[in-house]
Amino acid sequence: IPLLFLKANGSVYFTGNEVENFNKKLVYPTGTVDASRTASASFSRGTQQQHNVTAEYSKAIDKHSATILVGGEYFDTKSFALSAAGRGAPTDDIYTLNSAVERTSISSTKSEYRMLSGFGRLNYDYDSRYLFTAVMRYDGTSALKENRWGAFPGMSAGWNIHNEQFFKSSSLSQHISALKPRVSYGVNGNIAGIGTYEVQGVYAITTNYDAESSYLNTSIINSKLRWEKSTSLDAGVEAGLWNNRLFLNLNFYRRVTSDLLANLSLPRYTGFSSFRTNLGSLENKGFEFEVIAQILNLPNGLKWDLGFNAAYVKNKILELPYNGVENNRQGGWQIYDPSSG
């Protein structure tokens, strides 16, 4: 099909690791003998695969041009590990674990993580003057349970004023070679730090019950945990002066992160020290300024550019979970106040 492009990528990684240790009978200079002959062996393997496919279609009609892209991506990791240790082999000649009289430990671990994504993008350009882009992602992760899926949209627009006829015919075009105001808005998702099975509850083996082994719930089941989302608004202007000998870029942004992934402390009588939850919001906003000057651009290929940039950022916590303290104060200690007693 003319102007339609299909593209697929796939990758698979295999990792493996084997380790064996054996300590032979040792006689110290003092005459002390260590005949424990400790031995251990471990084996681990892992696989990671990532596959994606995209379809892109481009079309231009008169002064209109557009490109549409849709695609999907699959990612997963699997791991398995086995280890054992022992001691008391009767000889140094056989250093494998089967010669150990006493088996001191054995353990195995197994885990799997998966993510599935769908995405799309629309680019539109009218006569190299009006620019528009819209994107959408839809991601699902096995690290969450009831709220595995998250939608993350975004859009941006730009206006190349220097390509307008009214600007080209004005006196400003003699000094300003490029002028482009732009604005963008988007949402990003984050689940960094969440354990592979954390929302399902974490369990450990303990011998606290009359010296008998049993399972102990060490983390609360948290099936309603959600994606952390950052909403960003960005506005700026780019300008090129004197045939782009001097380039200016001024940008303002405001990013609000909501449903912050945070560990909330719990009373000790619950049996748990903390609980990961979606509470609070954080704001980052500021300005960014950049100027690039073209000092030299000689015909022999010698170029020299000089750049300068500056940024101002302000971070503010907008909301925190209420902790029962006056003014929701975080940390600190209550001390004696002489005026109130």
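Residues numbered from 1 in each chain as written. Predicted model: local features only at pLDDT ≥ 70, side-chain atom pairs only at ≥ 80, totals over all residues. Heavy atoms only, no water.

(A) Just the overall build of the protein chain, in detail. Within the protein chain, the secondary structure is distributed over one helix and 17 strands. Relative to its length of 341 residues, the protein chain is extended, with a C-alpha radius of gyration of 31 Å against a globular reference of 20 Å. Across its three principal axes, the protein chain shows a C-alpha extent of roughly 95 × 70 × 50 Å. The 341 residues of the protein chain split such that 21% are buried. Within the protein chain, contacts between residues separated by at least 24 positions form 60% of all contacts whose residues are at least 6 apart in sequence. Charged side chains in the protein chain number 33 positive and 30 negative. The centres of these two groups are separated by 3 Å. (Helix = DSSP H or I, 4+ residues; strand = E, 2+ residues; numbered from the N terminus. Rg over C-alpha atoms; globule rule 2.2 N^0.38 Å. Buried < 20%, exposed > 50% of the residue type's maximum accessible area, 1.4 Å probe, protein only. Contact = heavy atoms within 4.5 Å. Lys, Arg positive; Asp, Glu negative; His and termini not counted. Charge placed at Lys NZ, Arg CZ, Asp CG, Glu CD.)

(B) Broad picture of the packing of aromatic side chains. All told, the structure shown has seven aromatic pairs when counted by the stated rule. Each ring, one from tyrosine 126 and one from tyrosine 130, has its centre 5.9 Å from the other, and the planes form 10 degrees; the classification is stacked. For tyrosine 130, a relative accessible area of 36% corresponds to the partly exposed category. Consider the rings of tyrosine 138 and tryptophan 149, whose centres lie 5.1 Å apart with planes at 15 degrees: the pair is stacked. A residue pair is termed long-range when its members are at least 10 positions apart, and tyrosine 138 in strand S7 (residues 130–141) and tryptophan 149 in strand S8 (residues 149–159) qualify at eleven residues. Residue classification places tyrosine 138 among the partly exposed residues on the basis of a relative accessible area of 42%. In textbook terms, an aromatic cluster arises when at least three aromatic residues are bridged by ring pairs, as seen for Tyr126, Tyr130 and Trp159. (Phe/Tyr/Trp six-rings, centres within 6.5 Å; stacked < 30°, edge-to-face > 60°.)

(C) Local environment of the sheet that holds strand S1 (residues 4–22). Spatially, eleven strands are ordered S1-S4-S5-S6-S7-S8-S9-S12-S13-S16-S17 in an open sheet, and the strand pairing comes out antiparallel. Looking at which strands have only one partner, the edges of the open sheet turn out to be S1 and strand S17 (303–319). Between one strand axis and the next, the sheet turns by 10 degrees as a mean value, whatever way the strands run. Bridge count for strand S5 (residues 64–87) against strand S6 (residues 102–126) is 24 bridges, and the pairing is antiparallel. Within S6, the position partnered with arginine 87 by the bridge is glutamate 102. (Pairing = 2+ DSSP bridges. Axes fitted to C-alpha atoms, helices over the stretch in contact; angles between N-to-C directions.)

(D) Inspection of unusual backbone geometry at higher detail. For aspartate 127, which is not glycine, the phi dihedral falls at a positive 55 degrees. Assignment of secondary structure puts aspartate 127 in the loop between S6 and S7. We classify aspartate 127 as partly exposed; its relative accessible area is 30%. Residue serine 128 is not a glycine yet carries a positive backbone phi of 55 degrees. Among the structural elements, serine 128 can be located in the loop between S6 and S7. In this structure serine 128 comes out as partly exposed when scored by relative accessible area, which is 39%.

(E) The pattern of salt bridges, seen in detail. What the rule picks out here adds up to 14 salt bridges. Note that lysine 224 is salt-bridged to glutamate 146, the shortest N-O span being 3.0 Å. Note that lysine 224 is positioned in the loop between strand S11 (212–219) and strand S12 (228–241) and glutamate 146 in the loop between S7 and S8, a separation of 78 residues in sequence. The exposed category is assigned to lysine 224, whose relative accessible area is 55%. Salt bridges linked by common partners bring Lys78, Glu112 and Arg114 together as one network. (Salt bridge = Lys/Arg side-chain N within 4 Å of Asp/Glu carboxyl O.)

(F) Fine view of the side chain of aspartate 139. Here aspartate 139 shows up in strand S7. Within polar-contact distance, the side chain of aspartate 139 engages the side chain of arginine 137 at 2.9 Å. The contact partners of aspartate 139, leaving out residues within four places of it in the chain, are Leu116, Ser117, Arg148, Trp149, Gly150, Phe152 and Trp227. (Polar contact = N/O pair within 3.5 Å; in protein donor to acceptor, adjacent residues only side chain to side chain.)

(G) Spatial organisation of the pairing of S11. Here six bridges tie strand S10 (residues 202–209) to S11, and the two strands are oriented antiparallel to one another. The residue of S11 that forms the bridge with tyrosine 203 is asparagine 217. If you look at the hairpin formed by S10 and S11, you'll find two residues sitting between the two strands, and aspartate 210 has a positive phi there, around 55 degrees.

(H) Here's a closer look at the environment of histidine 64. Mapped onto the elements of the fold, histidine 64 is located in strand S5. Here the alpha-carbon distance between histidine 64 and tyrosine 124, two residues 60 residues apart in the chain, equals 7.5 Å. Ignoring sequence-local partners within four residues, the contact set of histidine 64 consists of Lys59, Tyr124, Asp125 and Tyr126. Polar contacts involving the side chain of histidine 64 include one to the side chain of tyrosine 124, which spans 2.6 Å.

(I) A look at the confidence of the model for the protein chain. Looking at the protein chain as a whole, its pLDDT mean stands at 91, while 100% of the residues score no less than 70. The element-level mean pLDDT for the protein chain is lowest in S10, coming to 79, with S7 highest at 97. (pLDDT = per-residue confidence, 0-100.)

(J) Representation of the environment of serine 265 within the structure. Mapping serine 265 onto the fold places it in strand S14 (residues 261–265). We classify serine 265 as exposed; its relative accessible area is 61%. Between the C-alpha atom of serine 265 and that of arginine 276, which follows or precedes it by eleven residues, the distance is 8.8 Å. Beyond its immediate stretch of four places on either side in the chain, serine 265 contacts Ser273 and Ser274.

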